[in-house]
Structure formats: C-alpha cells, structure tokens
Amino acid sequence: MNALIGFLADPWQLPFMQRAFAVASIIGAVCGVVGVYVVLRGMAFIGDAVAHSAFPGVAPAYAFQGNLLLGGAAAGVTTSVLIAFVSQNRRLKEDTVIGVFFAFAFAFGLGIVLVSTRDSWTTDLSSFLFGQVLAVSAGDVGPWPSSAPCRCWSSWRSARNS
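Criteria and cut-off values
Residues numbered from 1 in each chain as written. Predicted model: local features only at pLDDT ≥ 70, side-chain atom pairs only at ≥ 80, totals over all residues. Heavy atoms only, no water. Helix = DSSP H or I, 4+ residues; strand = E, 2+ residues; numbered from the N terminus. Contact = heavy atoms within 4.5 Å. Areas by Shrake-Rupley, 256 points an atom, 1.4 Å probe, with all protein chains shown as cover. Polar contact = N/O pair within 3.5 Å; in protein donor to acceptor, adjacent residues only side chain to side chain. Core = buried A, V, L, I, M, F, W, Y, C linked by side-chain atoms within 4.5 Å. Buried < 20%, exposed > 50% of the residue type's maximum accessible area, 1.4 Å probe, protein only. Expected span 1.5 Å × (residues − 1). Arc of directions from axis to C-beta. Patch = residues over 30% accessible without salt bridge, like charges linked within 9 Å, V, L, I, M, F, W, Y side chains within 5 Å. Salt bridge = Lys/Arg side-chain N within 4 Å of Asp/Glu carboxyl O. Phe/Tyr/Trp six-rings, centres within 6.5 Å; stacked < 30°, edge-to-face > 60°.

*Asks:* Account for the overall build of the chain, with residues named and values stated.
*Replies:* Scanning the chain from N- to C-terminus turns up 9 helices and 0 strands. Mapped from its N terminus to its C terminus, the chain presents α and β elements in the order α-α-α-α-α-α-α-α-α. The contacts of the chain with a sequence gap of at least 6 include a subset with a gap of at least 24, amounting to 66%. About 10900 Å² of surface is accessible on the chain, with carbon and sulfur atoms providing 68% of the total.

Pasting the structure below:
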C-alpha cells in the first residue's frame, strides 16, 4: 500500500508538476466562468474559429523563427475581421461564414506545415496545437493568480451589461 501511495505522491514533489497543477487549476476556474458567458451570448463557434485560425499565423512565424504569439494574433485578428466583413452580407448566415473561415484557415495552416522543409517541424508545432502544461515556467505562473479575478470580474460585468 505504501508503494502505491508513494507512486501517486512522488510526482507532486517536483516543481514543474506543482506549477502545472497551479496554472491548470486557475485556468480551469477562469475558463469555466468566461465559458458560461461565451455560451450564453452565442459566441462559442466564433471563439473556436478564431482559436483555430491562429494556426496559419503560427506556422509561418515558426518557419521564419519569428514570434509565435504575434503571428497567431495577427492571423486571429485578420480572420475575425474577415468574418465580420463577409457576415455583413445578409444572404449568408454568420455561422456559415464562420464555418468556412474556420475550415479554410486551419487547412491553410496545415498546408504550410506539410510544405515546410524545416527539420522537426511537426514535432515542435504539435506542442502548440495540443499544449504542454508541464512546460510552464516559474515566470509563467506569476501573472495568472493576479489576472484571474480581473478576467472573471470583466466577464461578470459584460454579462450584466448585456
């Protein structure tokens, strides 16, 4: 029995496991609060589309050794603006436009990955696609506890005002 308890408790002595658990717990709480607001406002599909449309910005940023955050943000903002612009046409429903841009953007990003000649391309970008919570550094943990209440409060205010 002691061997089983040791097997389950030993990983929690490692600092990277403690950081990963702390960040995952805080993100889980914040995403639960913000997610309720997003679903009630009917914005879940656009959130999914913008998240997936960041990939075509991350892929070239990675290929040219640029900033992944800026590349993903540029692609996400561009897709959002294009969705808003095309949705102004009353003949197309917004969900249809979102679905088309969602599929196109992600396929475009995968196309960039497939034609890339950089070594270990897919291995490194898979951590972007699927995440790696165990890679959270001590510097990454700092902003989360302080920003989490602000994010929850802003969601509450937004929901209350709408």
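*Asks:* So, the side chain of Thr 79: which residues are in play, and what are the values?
*Replies:* By secondary structure assignment, the location of Thr 79 is in helix α5 (residues 68-87). Among the polar contacts listed, one links the side chain of Thr 79 to the side chain of Ser 53, at a separation of 3.5 Å. The residues touching Thr 79, leaving out its near neighbours within four places in the chain, are Ser 53 and Phe 101.

*Asks:* Go over the nonpolar core with me, naming the residues and quoting the values.
*Replies:* Soluble, globular proteins show a tendency: their nonpolar side chains are buried together. Counting 6 residues, the largest nonpolar core is built from Ala 49, Ile 83, Val 97, Ile 98, Phe 101 and Phe 102. Element by element, the count of residues in this core is highest for helix α6 (residues 94-115), at 4 residues. Ile 83 has contacts with Ile 46, Val 97, Ile 98 and Phe 101, leaving out every residue within four places of it along the chain.

*Asks:* I'd love a proper account of α5, names of residues and values included.
*Replies:* With 20 residues, α5 extends 28 Å from end C-alpha to end C-alpha; this agrees with the ideal 28 Å at 1.5 Å per step. Taken together, the buried positions of α5 are occupied by Gly 71, Gly 72, Ala 75, Gly 76, Thr 79, Ile 83 and Ser 87. End-on view of α5: buried residues confined to an arc of 125 degrees, all on one side of the axis. Residues of α5 that are exposed and point more than 90 degrees away from the buried face comprise Leu 70, Val 77, Val 81 and Phe 85. Residues of α5 that are buried make contact with α3 (44-53), α4 (55-63) and α6. For α5, the side-chain oxygen to backbone nitrogen distance between the N-cap and Leu 69 is 2.9 Å, and the N-cap itself is Asn 67.

*Asks:* Provide a residue-level description of a nonpolar patch on the surface, including the pertinent values.
*Replies:* A surface patch of nonpolar side chains, about 610 Å² in accessible area, is lined by Met 1, Leu 4, Ile 5, Phe 7 and Leu 8. Structurally, Leu 4 can be placed in helix α1 (residues 2-9). A relative accessible area of 46% places Leu 4 in the partly exposed class.

*Asks:* Run through the packing of aromatic side chains, naming residues and quoting values.
*Replies:* Each pair of aromatic rings is reported with the distance of its centres and the angle of its planes. If you walk through the whole model with that rule in mind, you get 4 aromatic pairs. Look at Trp 12 and Phe 21: their rings are 5.3 Å apart centre to centre, the planes differ by 80 degrees, and that puts the pair in the edge-to-face class. Judged by relative accessible area, Trp 12 falls into the partly exposed class, the value being 40%. Plain terms: the ring middles of Phe 45 and Phe 102 are 6.0 Å apart, the flat faces sit at 40 degrees to each other, and that makes the pair tilted. You can see Phe 45 sitting in helix α3 and its partner Phe 102 sitting in helix α6, a full 57 residues away along the chain. According to the relative accessible area criterion, Phe 45 is partly exposed, its value standing at 33%.

Limitation: the analysis is restricted to geometry and does not speak to function.
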